[in-house]
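# Fold and geometry: a report
Here's the letter readout for the chains.
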Amino acid sequence: MQESVLYLNRQEFGKAENSGKILSPEEAKGILDDWVKNDRLKVHMKQVAHLMGAYAKELGLSDLEVAMWYQSGLLHDADWDQWPDQHCRKIIEELECRNVDPAMIRAIASHGPRYFGVEPVSLMDKMLYAFDELSGFVHAYSLMRPEGYVGMEVKGVKKRLKDKTFAAQVSREDIQDAAERAAMTVEDLISFVISHQANADLS
Ligand SMILES: [Fe+2]
Ligand SMILES: [Fe+2]
């Protein structure tokens, strides 16, 4: 999602004593349903959540970490629909009130370093930043293909990236910057998104 500029002006999020605490699936879904009325935005958040969870799983992380990665994706834009001028301060403060693990809150705080002034540091931070814009871009491409995700190739996505009029709001520089920070090629990132995004649970 396109970001407004709101520097958070801090680098510390949550409390160390809450390490290991995340929301229940019901609580996370509750925030999503209460705060986000825009269905397209909900799809975006569920898709990013799915990519984050799938990536964490492939890394062999624990169930808790997989759920944390998933929730960071699911909630990263939770305040964008109703309070775009407070994005992403509001969701961060909400998760701090709910005593969520600081690592998860920090990932959300760093999902747009140019906009929020928080650098992605952990791998979870970096992958949330990387999947965010690319997920929406690949989804936009799937919607213009009669076959959707079926048969989609990396080179097709790359061609659209070169076409500056396609999904013009998606920053190509951010995609490149995010891939570099994640120490991945844009091609590998696109390939992961293509092969996983169609399986996201959008219910
Ligand atoms: Fe987003
Ligand atoms: Fe965002």
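What comes next concerns the included structure. (Residues numbered from 1 in each chain as written. Chains lettered and ligands numbered in written order. Predicted model: local features only at pLDDT ≥ 70, side-chain atom pairs only at ≥ 80, totals over all residues.)

## Overview of the overall build of the protein
The helix and strand tally for the protein stands at 10 helices and zero strands. Secondary structure of the protein in N-to-C order comes out as α-α-α-α-α-α-α-α-α-α. Its C-alpha atoms give the protein principal-axis dimensions of about 45 × 35 × 35 Å. In the protein, which comprises 203 residues, the proportion classed as buried is 42%. Counting only contacts in the protein whose residues sit at least 6 apart along the sequence, the fraction spanning at least 24 positions is 70%. (Helix = DSSP H or I, 4+ residues; strand = E, 2+ residues; numbered from the N terminus. Buried ≥ 20, exposed ≤ 12 C-beta atoms within 10 Å, placed from the backbone. Contact = placed C-beta atoms within 7 Å.)

## Observations regarding the nonpolar core
Within soluble globular proteins, side chains that are nonpolar tend to cluster in buried spots. If you look at the biggest cluster of nonpolar residues, it comprises 53 residues, and the most contacted ones within it are Met 52, Met 104, Ile 108, Ala 130, Phe 131 and Leu 134. Top contributing element to this core by residue count: helix H7 (residues 123-144), with 10 residues. Sequence-distant contacts of Leu 134, defined by excluding residues within four places in its chain, comprise Ile 175, Leu 189, Ile 190 and Val 193. (Core = buried A, V, L, I, M, F, W, Y, C linked by C-beta atoms within 7 Å.)

## Notes on helix H10 (residues 186-197)
For H10, which comprises 12 residues, the first-to-last C-alpha distance of 16 Å matches the rise-based estimate of 16 Å (1.5 Å per residue) to within 8%. Within the span of H10, buried status applies to Leu 189, Ile 190, Phe 192, Val 193 and Gln 197. Mapping the buried residues of H10 onto a view down its axis gives an arc of 160 degrees, with all of them on the same face. Buried residues in H10 make contact with helix H2 (39-58), H7, helix H8 (154-162) and helix H9 (172-181). (Expected span 1.5 Å × (residues − 1). Arc of directions from axis to C-beta.)

## Looking at the environment of Met 124
With respect to the helices and strands, the residue Met 124 is situated in helix H7. Among the residues examined, Met 124 registers 25 C-beta atoms within 10 Å and is labelled buried. Placed 52 residues apart in sequence, Met 124 and Ser 72 show a C-alpha to C-alpha distance of 8.6 Å. Filtering out sequence-adjacent residues up to four positions away, Met 124 remains in contact with Trp 69, Ser 72, Ala 103 and Ala 107.

## Some details on helix H4 (residues 89-97)
Burial in H4 covers these residues: Ile 91, Ile 92 and Leu 95. Each buried residue of H4 lies within a common arc of 105 degrees when the element is viewed along its axis, so the set occupies one face. For H4, the elements touching its buried residues are helix H3 (63-75) and helix H5 (102-109). Immediately downstream of H4, the backbone of Asn 99 shows phi near 55 degrees, a positive value.

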